[in-house]
Amino acid sequence: MARSRLDRLFTGASSIDIVLYIHSHPGCRKSDIYSDVTRNMHVPDKLAELRDSGIVRIEENGNRAFLYMTEKGSEVAEALLRIRELLGEDP
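Residues numbered from 1 in each chain as written. Predicted model: local features only at pLDDT ≥ 70, side-chain atom pairs only at ≥ 80, totals over all residues. Heavy atoms only, no water.

J.: Mind showing me how you'd approach the confidence of the model for the chain here?
T.: A low pLDDT means the predicted coordinates there should not be read in detail. The predicted model of the chain averages 89 in pLDDT, with 95% of residues at 70 or higher. Looking over the chain, one finds the lowest element-wise mean pLDDT in helix α1 (residues 5-9), namely 73, and the highest in strand β2 (residues 64-69), namely 96. (pLDDT = per-residue confidence, 0-100. Helix = DSSP H or I, 4+ residues; strand = E, 2+ residues; numbered from the N terminus.)

See the structure below:
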């Protein structure tokens, strides 16, 4: 059975935590994710997947890249926060 897009996006590399981090820290950089969320070596791949799915926008400025949520990404992040709330987890 083929994996769903949802499954591919949110499996491994702390994907949910990355989305929620970018949502609450607009304009953060990859280095912020490495220091505050995860040191997983697949973070660049996961960010590319999130970008290609229209969830994250990456703005390049010289040798720096800044991460932002798209409108769709913000909706996804809000839905994930709501799920955490329903499960009784802290945001």
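J.: How should the environment of I22 be read in this particular structure?
T.: Within the secondary structure, I22 sits in helix α2 (residues 15-24). In this structure the C-alpha to C-alpha distance between I22 and V76, which are 54 residues apart in sequence, comes to 12 Å. Once residues lying within four places of it in the same chain are set aside, the contact partners of I22 are C28, I33, L47, V56, L67, Y68 and M69. (Contact = heavy atoms within 4.5 Å.)

J.: Teacher, can you tell me more about helix α5 (residues 71-86) here?
T.: It helps to recall that an α-helix has 3.6 residues per turn; residues three or four apart then point in one direction. Its 16 residues place the ends of α5 23 Å apart at the C-alpha level, agreeing with the 22 Å of an ideal helix rising 1.5 Å per residue. What α5 keeps buried is the set G73, A77, L80 and R84. Buried residues of α5, viewed axially, fall in a sector of 60°; they line one side. In α5, the exposed positions angled more than 90 degrees off the buried face are occupied by E71, E75, E85 and L86. Of the surrounding secondary structure, the elements contacted by the buried residues of α5 are α2 and β2. G88 lies just past α5 and shows a positive phi near 80°. (Expected span 1.5 Å × (residues − 1). Buried < 20%, exposed > 50% of the residue type's maximum accessible area, 1.4 Å probe, protein only. Arc of directions from axis to C-beta.)

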